[in-house]
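# Residue-level structure breakdown
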Amino acid sequence: LSVMAGAFAAALTLASGRTDTIVHDALQKMGVSTPIANRLLGLSIRVKPPGYTGREVSNFDDPSAVTALIVSSVTVLGNGKPRGIVARLGGQNLEVNEIGRKWAVQFIAPATATTISLTDRNYDRVLAIIPVTDRPPVVVLTEPGRDTVWRHVPSGSINFTARATDDVGLSSGHIEYT
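Predicted, not measured: the structure shown is a model, and the values here were computed from it.

Residues Val76, Trp103, Val105, Phe107, Ile116 and Leu118 are the most contacted members of the largest nonpolar core, which totals 21 residues. Mapped onto this core, the elements with two or more residues apiece are β1 (44–48), β3 (65–69), β4 (73–79), β5 (85–89), β8 (102–108), β9 (114–120) and β10 (123–132). Residues in contact with isoleucine 116, not counting those within four places in the same chain, are Val76, Arg88, Leu89, Leu94, Val105, Phe107, Arg125, Val126, Leu127 and Ile129.

What the rule picks out here adds up to four salt bridges. Where aspartate 62 meets arginine 125, a salt bridge forms, and the shortest distance between an N and an O atom there is 2.7 Å. One end of the pair, aspartate 62, is in the loop between β2 (58–61) and β3; the other, arginine 125, is in strand β10, with 63 residues separating them in the sequence. When its relative accessible area of 38% is taken as the criterion, aspartate 62 is described as partly exposed. Since its relative accessible area comes to 16%, arginine 125 is described here as buried. We note a salt bridge from glutamate 98 to lysine 81, for which the minimum N-O separation is 3.2 Å. Of the two residues, glutamate 98 is situated in strand β7 (residues 96–99) and lysine 81 in the loop between β4 and β5; the sequence distance between them amounts to 17 residues. With a relative accessible area of 38%, glutamate 98 lands in the partly exposed category. Sharing partners across several salt bridges, the network here consists of Arg39, Asp120 and Arg121.

Relative to the assigned elements, arginine 135 resides in the loop between β10 and β11 (138–143). Its relative accessible area of 53% is what places arginine 135 among the exposed residues. In sequence terms arginine 135 and valine 168 are 33 residues apart; their C-alpha atoms lie 8.1 Å from each other. Every residue in contact with arginine 135, bar those within four places of it in the chain, is listed here: Asp166 and Asp167.

Rules of the game
Residues numbered from 1 in each chain as written. Predicted model: local features only at pLDDT ≥ 70, side-chain atom pairs only at ≥ 80, totals over all residues. Heavy atoms only, no water. Core = buried A, V, L, I, M, F, W, Y, C linked by side-chain atoms within 4.5 Å. Buried < 20%, exposed > 50% of the residue type's maximum accessible area, 1.4 Å probe, protein only. Helix = DSSP H or I, 4+ residues; strand = E, 2+ residues; numbered from the N terminus. Contact = heavy atoms within 4.5 Å. Salt bridge = Lys/Arg side-chain N within 4 Å of Asp/Glu carboxyl O.

This is how it looks when you write it as structure tokens:
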């Protein structure tokens, strides 16, 4: 009787959507049929920016939108098995895989804003994907004060100084001259 009471309590918890599919799977093995909770709740998102940026991986818990530098690797993780989960980025179907005890969808952050639509049976969820563009660096030649052409090669040394900025960051730079 106590086993049945425990199974009933677990079934009620599952029906309320307050737990993940681990309890459902355990009860299923015991022969107790319970509804699967909404596997689109409690998502986590991992954004890995391109290596050249030197930025760290970012993690987001249950967001409604994700901002990512274009060509970042984005992974959506949800609780439970991937069977029955459908994911579409814009109009394109994505493969849903299993990582440990979670389902996962991976894609490269696109250059234009879009959405990822997720479906789990009669549950739907839409996340906005907001791209961030990596703008090119800005370089200002400060010495000499302007582009200079000499009719004859000057003797001695010539100083060149420049200031460079970038929205992501610069690790090095060099000046070329002819």
